[in-house]
There are 4 protein chains.
Amino acid sequence: MTHHPAPEWTISQWLNAPPDFGLAAMRGRVVLAGAFQMLCPGCVSGTIPQLREARALFPEQDVAVAAIHSVFEHHDANSAETLRAFLHENRITFPVGIDRADPENGGVPVTMRAYGFRGTPTLLLIDRSGQLRRQTFGHVPDMQLGAEIGALVSGSMPALGGRKS
Amino acid sequence: MTHHPAPEWTISQWLNAPPDFGLAAMRGRVVLAGAFQMLCPGCVSGTIPQLREARALFPEQDVAVAAIHSVFEHHDANSAETLRAFLHENRITFPVGIDRADPENGGVPVTMRAYGFRGTPTLLLIDRSGQLRRQTFGHVPDMQLGAEIGALVSGSMPALGGRKS
Amino acid sequence: MTHHPAPEWTISQWLNAPPDFGLAAMRGRVVLAGAFQMLCPGCVSGTIPQLREARALFPEQDVAVAAIHSVFEHHDANSAETLRAFLHENRITFPVGIDRADPENGGVPVTMRAYGFRGTPTLLLIDRSGQLRRQTFGHVPDMQLGAEIGALVSGSMPALGGRKS
Amino acid sequence: MTHHPAPEWTISQWLNAPPDFGLAAMRGRVVLAGAFQMLCPGCVSGTIPQLREARALFPEQDVAVAAIHSVFEHHDANSAETLRAFLHENRITFPVGIDRADPENGGVPVTMRAYGFRGTPTLLLIDRSGQLRRQTFGHVPDMQLGAEIGALVSGSMPALGGRKS
């Protein structure tokens with residue numbers, strides 16, 4: 001398995017973070033990120049709680065946790081106003097970036113297209129040097145995700161027997 | 001425990017139902033209804049799946065299942081457009097009424113105020129004759145809710161040992 | 001669907017009940033019973049907690065809850081001594097009868113053979129008049145089970161859309 | 001936090017392993033072990049599935065998974081015969097050692113006393129050099145356990161924000 005640098009995210013607006021936030025600001029730390037839509041049931045019941053648990057578990061200086069709101073359906077229903085209320089109700093305090101809309105590409109936002117997300121939720125794991133180590137559509141079990149983060153924080157990446165993307 | 005007639009709901013717009021839908025249209029059937037907000041995590045993870053399960057389990061001619069979108073916070077974030085997308089993503093096909101907003105009463109909508117909902121989710125159980133038999137803020141376990149519906153369909157209401165509102 | 005009287009259980013020993021306990025002693029009440037093996041994981045994680053919840057929910061005078069320990073494998077591992085410890089550890093206070101072993105029939109105990117249990121867990125629902133209304137191998141969702149008990153307590157049995165045996 | 005060498009286990013009989021199995025045979029690998037009793041509900045619903053998931057996730061050459069059956073109550077109910085059936089029913093294929101009984105010490109078995117287990121389940125995590133890195137009575141969340149194993153496999157141990165023993 002070879003890796004490649006994680007493409008920079010194209011964000012139209014950051015919530016819970018300064019306007020110039022992004023991958024560059026997290027460089028040097030392991031980055032766990034989830035691409036989601038707030039109206040996607042699997043995102044709400046699976047990915048959001050998992051990101052929240054990771055944020056509570058890992059030290060800030062070792063692991064950055066962030067989310068990308070990649071809206072590719074129901075665009076009118078997904079306003080920044082509604083997202084802000086969603087973050088409040090779900091007690092999300094880590095940075096959430098709104099993936100930049102791209103009306104010319106069938107409504108698929110820019111970061112989603114650059115990474116080739118197959119849908120939401122999609123989980124990203126990026127190492128300290130900015131290499132994309134995992135991109136998974138769907139759910140990764142807590143133990144496997146924990147093991148990969150624990151190993152990346154220590155400088156290596158395990159070869160695990162669990163589900164791979 | 002004495003009962004009283006369930007007050008009519010004041011709905012500004014029905015989704016998944018004709019415009020003149022309401023309690024009167026469901027009279028003669030047992031009515032299970034959940035008051036919710038789509039950005040309320042407990043509503044999404046608990047009440048909505050429970051209503052969906054009840055809809056799948058009980059025959060339409062015996063049990064009516066409906067929901068009331070009672071928005072009392074984040075009003076701007078809860079557009080009808082967003083609610084429509086929420087219903088689609090959560091595969092909700094039963095009637096959902098938007099509780100009529102009331103700007104003059106601290107943002108508490110009309111039906112919520114008439115019933116005295118303490119928040120969302122609130123579960124309502126109404127018998128065939130229109131009497132309100134249960135109004136509970138929070139979650140009612142599946143077995144207890146099933147037992148009460150099963151008994152009301154048969155014409156009586158059990159005295160159970162479970163959690164009461 | 002026609003019903004038939006529930007065959008009497010053939011029990012070699014009762015725990016949490018007098019020696020002459022059995023279906024006759026429960027007549028007049030709705031009977032919810034689970035046939036289980038204490039080493040069967042699905043019984044421990046599903047049926048036992050469900051029976052315990054039903055016992056806590058329904059009044060004793062309306063609903064009897066009992067279990068039948070129907071051992072058809074690992075006979076030597078399933079002593080009465082071990083069962084007694086199992087009941088203690090799982091806080092089971094309702095009657096549990098040990099299905100009478102039958103060495104001449106491939107190790108299938110008498111009650112299991114009389115009812116034709118396909119394995120464990122098997123759930124039984126018997127009405128006030130002693131008619132067998134449900135016999136299901138595997139799990140019945142809480143809401144469905146609750147609805148059936150609630151209706152049987154009231155004197156009728158619902159036609160539900162849920163999973164049937 | 002200083003560490004100390006994990007005391008050798010005192011096992012009267014190994015299942016799923018040769019008779020001379022033990023910590024020495026696992027030296028060089030990270031060891032995840034759970035002390036349990038097969039009639040302890042929290043062990044059956046929590047620890048056993050977690051050990052099984054770890055066994056499926058981590059490579060054998062990096063992580064050894066084992067269990068210790070530390071019976072301190074209901075001794076007569078916990079025969080090796082019953083344990084063997086339990087392992088079969090729960091599809092446990094990793095080594096399980098029976099903690100040596102000690103009738104002279106109130107029924108607390110030898111390994112349990114040497115480690116000072118407060119009860120079952122107790123989770124042990126031992127690094128490649130044989131140092132005891134975690135001893136926890138109760139449950140450790142999957143993500144935290146995964147992170148610690150992932151880090152120990154890589155040679156370090158993280159300072160996490162989760163629940164500590």
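Residues numbered from 1 in each chain as written. Chains lettered and ligands numbered in written order. Predicted model: local features only at pLDDT ≥ 70, side-chain atom pairs only at ≥ 80, totals over all residues. Heavy atoms only, no water.

**Re the overall build of chain A**
Moving on, step 1. The helix and strand tally for chain A stands at five helices and seven strands.
Moving on, step 2. Going from N to C terminus, chain A has its helices and strands arranged as β-β-α-β-α-β-α-β-α-β-β-α.
Moving on, step 3. For 165 residues, the compact-globule estimate of 2.2 N^0.38 gives 15 Å, and chain A sits close to it at 15 Å.
Moving on, step 4. Projected onto the principal axes, the alpha-carbon positions of chain A cover approximately 40 × 30 × 30 Å.
Moving on, step 5. Relative to its 165 residues, chain A shows a buried fraction of 56%.
Moving on, step 6. Residue pairs at least 24 apart in sequence account for 67% of intrachain contacts in chain A once pairs closer than 6 positions are excluded.
Moving on, step 7. Within the structure as shown, chain A displays about 6,700 Å² of accessible surface, and the carbon and sulfur contribution to it stands at 51%. (Helix = DSSP H or I, 4+ residues; strand = E, 2+ residues; numbered from the N terminus. Rg over C-alpha atoms; globule rule 2.2 N^0.38 Å. Buried < 20%, exposed > 50% of the residue type's maximum accessible area, 1.4 Å probe, protein only. Contact = heavy atoms within 4.5 Å. Areas by Shrake-Rupley, 256 points an atom, 1.4 Å probe, with all protein chains shown as cover.)

**Considering the packing of aromatic side chains**
Moving on, step 1. Overall, the coordinates contain 16 aromatic pairs over all chains when judged by the stated rule.
Moving on, step 2. Centroid distance Trp-14 of chain D to Phe-21 of chain D: 4.9 Å. Interplanar angle 90°. Geometry classified as edge-to-face.
Moving on, step 3. Its relative accessible area of 9% is what places Trp-14 of chain D among the buried residues.
Moving on, step 4. Grouped by ring-pair contacts, the aromatic residues Trp-9, Trp-14 and Phe-21 of chain A constitute a single cluster. (Phe/Tyr/Trp six-rings, centres within 6.5 Å; stacked < 30°, edge-to-face > 60°.)

**Description of the packing of helix α5 (residues 142-154) of chain A against helix α5 (residues 142-154) of chain D**
The description of two packed helices rests on the angle between their axes and on the distance between the axes.
Moving on, step 1. For the pair α5 of chain A and α5 of chain D, the least separation of the axes is 6 Å and the interaxial angle reads 35°. The two elements α5 of chain A and α5 of chain D meet at a crossing, and its hand is right-handed. Contact residues: Asp-142, Met-143, Gly-146, Ala-147, Gly-150, Ala-151 and Ser-154 of chain A in α5 of chain A; Asp-142, Met-143, Gly-146, Ala-147, Gly-150, Ala-151 and Ser-154 of chain D in α5 of chain D.
Moving on, step 2. Per-class residue counts for the contact of α5 of chain A with α5 of chain D are six nonpolar, six polar and two charged. (Axes fitted to C-alpha atoms, helices over the stretch in contact; angles between N-to-C directions. Left-handed = near helix turned anticlockwise from the far one by under 90°. Nonpolar A, V, L, I, M, F, W, Y, C, P; charged D, E, K, R; others polar.)

**As for the sheet that holds strand β1 (residues 4-5) of chain B**
Residue and element names in this part refer to chain B.
Moving on, step 1. Taken in spatial order, the seven strands make up an open sheet running β1-β7-β6-β3-β4-β5-β2, and their pairing is mixed. Strands at the two margins of the open sheet, each flanked by one partner only, are β1 and β2 (11-15).
Moving on, step 2. Pairing geometry for strand β4 (residues 63-69) and strand β5 (residues 96-99), over three bridges, is parallel. If you follow His-69 over to β5, its bridge partner there is Ile-98. (Pairing = 2+ DSSP bridges.)

**Considering the sheet that holds strand β4 (residues 63-69) of chain A**
Residues and elements named next belong to chain A.
Moving on, step 1. The strand order across the open sheet formed by seven strands is β1-β7-β6-β3-β4-β5-β2, and the pairing between neighbours is mixed. The open sheet has two edge strands, β1 (4-5) and β2 (11-15), and neither has a second partner.
Moving on, step 2. Relative to strand β6 (residues 122-126), strand β3 (residues 30-36) is paired through five bridges, and the arrangement is antiparallel. Each residue of the ladder has a partner; that of Leu-32, found in β6, is Leu-125.
Moving on, step 3. The strands that helix α3 (residues 80-89) touches are β2, β3, β4 and β5 (96-99); relative to β2, the one it contacts most, it runs at about 35°.

**Topic: the confidence of the model for chain A**
Moving on, step 1. Averaged over all residues, the pLDDT of chain A equals 93, while 93% of them reach at least 70.
Moving on, step 2. Prediction confidence for the complex, expressed as pTM and ipTM, is 0.91 and 0.91 respectively. (pLDDT = per-residue confidence, 0-100.)

**Here we look at the pattern of salt bridges**
Residues and elements named next belong to chain C.
Moving on, step 1. For the coordinates displayed, the defined rule picks out 20 salt bridges over all chains.
Moving on, step 2. For Arg-128, the salt bridge identified is with Asp-62, shortest N-O distance 3.4 Å. Of this pair, Arg-128 sits in the loop between β6 (122-126) and β7 (131-137) while Asp-62 is found in the loop between α2 (41-57) and β4 (63-69), placing the two residues 66 residues apart along the sequence.
Moving on, step 3. Accessibility expressed as a relative area gives 21% for Asp-62, which makes it partly exposed. (Salt bridge = Lys/Arg side-chain N within 4 Å of Asp/Glu carboxyl O.)

**Describing helix α2 (residues 41-57) of chain B**
An α-helix turns once per 3.6 residues; consequently, residues spaced three or four apart project the same way.
Residues and elements named next belong to chain B.
Moving on, step 1. The first and last C-alpha atoms of α2 sit 24 Å apart over 17 residues, in line with the 24 Å expected at 1.5 Å per residue.
Moving on, step 2. At Thr-47, α2 shows its strongest bend, of approximately 30°, with the proline Pro-49 following within four residues.
Moving on, step 3. Listed as buried for α2 are Cys-43, Val-44, Gly-46, Thr-47, Ile-48, Gln-50, Leu-51, Ala-54, Arg-55 and Leu-57. (Expected span 1.5 Å × (residues − 1). Bend = angle between axes of the 7 residues up to and from the residue.)

**Some points on the state of the cysteines**
Residue and element names in this part refer to chain A.
Moving on, step 1. Across all of its chains, the model carries four disulfides over all chains by this definition.
Moving on, step 2. With its sulfur 2.4 Å from that of its partner, Cys-40 forms a disulfide with Cys-43. Because the sign of the S-S torsion sets the handedness, a value of about 80° for the bond joining Cys-40 and Cys-43 places this disulfide among the right-handed ones. (Disulfide = S-S within 2.5 Å.)

**Things to note about helix α5 (residues 142-154) of chain C**
Residues and elements named next belong to chain C.
Moving on, step 1. Look at α5: 18 Å from first C-alpha to last across 13 residues, which is about the 18 Å you get at 1.5 Å a residue.
Moving on, step 2. Among the 13 residues in α5, 11 count as buried, and that is most of the element.
Moving on, step 3. Restricting attention to buried positions, one finds in α5 the residues Met-143, Gln-144, Leu-145, Gly-146, Ala-147, Glu-148, Ile-149, Gly-150, Ala-151, Leu-152 and Val-153.

**Focus: the arrangement of the chains**
Moving on, step 1. Between chain A and chain C there is no contact, and the shortest C-alpha to C-alpha separation is 21 Å.
Moving on, step 2. Nothing in chain B touches chain D, and the closest approach of their C-alpha atoms is 21 Å.

**Concerning unusual backbone geometry**
Moving on, step 1. For the peptide bond that leads from Thr-120 of chain A to Pro-121 of chain A, omega is 0°, which places it in the cis range.
Moving on, step 2. Within the secondary structure layout, Pro-121 of chain A lies in the loop between α4 (110-115) and β6.
Moving on, step 3. Even without a glycine there, the phi angle at His-74 of chain B is positive, about 55°.
Moving on, step 4. Mapped onto the fold, His-74 of chain B is located in the loop between β4 and α3 (80-89).

**Section: the environment of Gly-42 of chain B**
All names here are of chain B.
Moving on, step 1. Tracing the chain through its elements places Gly-42 in helix α2.
Moving on, step 2. Relative accessible area serves as the criterion here: at 37%, Gly-42 is assigned to the partly exposed category.
Moving on, step 3. Considering only alpha carbons, one finds Gly-42 and Leu-123, 81 residues apart in sequence, at a separation of 12 Å.

**Things to note about the environment of Leu-87 of chain A**
Residue and element names in this part refer to chain A.
Moving on, step 1. When you line up the elements, Leu-87 lands in helix α3.
Moving on, step 2. Sequence spacing of Leu-87 and Ile-149 is 62 residues, and the spatial spacing of their C-alpha atoms is 24 Å.
Moving on, step 3. Sequence-distant contacts of Leu-87, defined by excluding residues within four places in its chain, comprise Leu-15, Asn-16, Ile-92 and Val-96.

**Re the pairing of β4 of chain B**
Every regular strand shows the same layout, with side chains that alternate between the two sheet faces.
Residues and elements named next belong to chain B.
Moving on, step 1. Across the seven residues of β4, seven count as buried, placing the element largely inside the fold.
Moving on, step 2. Residues Val-63, Val-65, Ala-67 and His-69 point to one face of β4 and Ala-64, Ala-66 and Ile-68 to the other, with burial holding for every one of them.
Moving on, step 3. As judged from the seven bridges shared by strand β3 (residues 30-36) and β4, these two strands associate in the parallel manner. Within β4, the residue paired with Val-31 across the bridge is Ala-64.
Moving on, step 4. Regarding topology, α3 serves as the crossover connection from β4 to the parallel β5, and that connection is right-handed. (Right-handed = clockwise from strand over helix to strand, strands pointing away.)

**Observations concerning the environment of Asp-127 of chain B**
Residues and elements named next belong to chain B.
Moving on, step 1. Here Asp-127 is to be found in the loop between β6 (122-126) and β7 (131-137).
Moving on, step 2. Judged by its relative accessible area of 8%, Asp-127 falls in the buried class.
Moving on, step 3. Filtering out sequence-adjacent residues up to four positions away, Asp-127 remains in contact with Arg-29, Arg-133 and Leu-152.
Moving on, step 4. A polar contact of 2.9 Å, which involves the side chain of Asp-127, links it to the backbone nitrogen of Gln-131.
Moving on, step 5. Reaching out from Asp-127, the side chain makes a polar contact with the side chain of Arg-133 at a distance of 2.7 Å. (Polar contact = N/O pair within 3.5 Å; in protein donor to acceptor, adjacent residues only side chain to side chain.)

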